[in-house]
Amino acid sequence: MKKISFLFAFIAFSLTSCSSDEPGPQGPPGEPGVNIVGQTFEFEDVDFEYFEDGNFYATVIDIPAEIEVLESDAILVYRREVIDGTETWSMIPQNYFLEEGIIQYVFNHTASDIELLIDGNFDLSTLDGVYSQNQFFRFFVVPSDFAIDTGVDVSDYDAVMQALK
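Rules used in this analysis
Residues numbered from 1 in each chain as written. Predicted model: local features only at pLDDT ≥ 70, side-chain atom pairs only at ≥ 80, totals over all residues. Heavy atoms only, no water. Helix = DSSP H or I, 4+ residues; strand = E, 2+ residues; numbered from the N terminus. Buried < 20%, exposed > 50% of the residue type's maximum accessible area, 1.4 Å probe, protein only. Areas by Shrake-Rupley, 256 points an atom, 1.4 Å probe, with all protein chains shown as cover. Patch = residues over 30% accessible without salt bridge, like charges linked within 9 Å, V, L, I, M, F, W, Y side chains within 5 Å. Salt bridge = Lys/Arg side-chain N within 4 Å of Asp/Glu carboxyl O. Pairing = 2+ DSSP bridges. Contact = heavy atoms within 4.5 Å.

Student: What is the right way to read the overall build of the protein chain from this model?
Tutor: A count of helices and strands for the protein chain gives two helices and nine strands. Listing every helix and strand of the protein chain by position from the N terminus yields α-β-β-β-β-β-β-β-β-β-α. Expressed as a percentage of the 165 residues in the protein chain, the buried residues total 23%. Total accessible area on the protein chain is roughly 12,400 Å²; 55% of this is exposed by carbon and sulfur atoms.

Spelled out as structure tokens, the structure:
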């Protein structure tokens, strides 16, 4: 008899605990969200200038006025290459191992401009123009905030463990 009562109770509970198709009461509205989207811009036909005294190539790209870059934002740079008719993008820094030696595309930036450089370990005055003229670059501004200073000495294991308690 107990087995039948238990079976009946189990079936009754299973049937009543199923969710219905009707929605429950609406909760309070949340805080309005913020839509933060990164920005992308491109420059084509970029020509580098050779600087003999430092043996490097450089050019400066001004960030368009309509693109806001905060001091905490990150910038990513990609260089376009066409390989066998297919457009590909390589993130900088990028190394190229040439017969004469190695070159590397690097960059640095401020909130208003980006300096692109070609550095190498040989006399770059002999560098083929295919690497320094009519280049195509794509720039990504990635929104970011500086981390909050917690005041915890992260070089002290005990201080970090105490802050986590």
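Student: What's the story with a nonpolar patch on the surface in this structure? I'm lost.
Tutor: A cluster of nonpolar side chains, contributed by Y157, M161 and L164, occupies part of the molecular surface with about 360 Å² of accessible area. Structurally, the position occupied by L164 is in helix α2 (residues 157–164).

Student: Help me understand the pattern of salt bridges, please; the structure alone is not making it clear to me.
Tutor: Should the charged atoms of two oppositely charged side chains come close, the side chains can pair. Enumeration over the complete set of coordinates arrives at three salt bridges. A salt bridge links R138 to E42; the nearest nitrogen and oxygen atoms lie 2.5 Å apart. Note that R138 is positioned in strand β9 (residues 135–142) and E42 in strand β1 (residues 39–46), a separation of 96 residues in sequence. Using a relative accessible area of 39% as the deciding quantity, one classes E42 as partly exposed. For the salt bridge of E81 with R79, the shortest nitrogen-to-oxygen distance reads 3.9 Å. Note on accessibility: E81 and R79 belong to one class, buried.

Student: What exactly am I supposed to notice about the pairing of strand β8 (residues 113–120) here?
Tutor: Strand residues, when the strand is regular, have side chains that alternate between the two faces of the sheet. In this sheet, β8 lies alongside strand β3 (residues 56–62) in antiparallel orientation, the contact comprising six bridges. Residue pairing for β8: V60 is matched across the bridge by E115. Pairing analysis gives seven bridges linking strand β7 (residues 102–109) to β8, with the strands arranged antiparallel. When the bridges of β8 are listed, V106 appears paired with L117. Linking β7 back to β8 in an antiparallel pair, the connection comprises three residues.

Student: For this particular structure, what's the right way to read the pairing of strand β4 (residues 74–83)?
Tutor: Bridge count between β4 and β9: six bridges; the pairing is antiparallel. The residue of β9 that forms the bridge with I75 is V141. In terms of strand pairing, β4 meets strand β5 (residues 86–91) through six bridges, oriented antiparallel. The residue bridging R79 from the neighbouring strand is S90, located in β5. The loop that links β4 with its antiparallel partner β5 comprises two residues; one of these, D84, has a positive phi angle of about 50°.

Student: Can you help me understand the environment of N134 in this one?
Tutor: Tracing the backbone shows N134 in the loop between β8 and β9. For the pair N134 and V46, spaced 88 residues apart in sequence, the C-alpha separation works out to 5.0 Å. When residues no more than four places from it in sequence are discounted, the contact partners of N134 are D45, V46 and D47.

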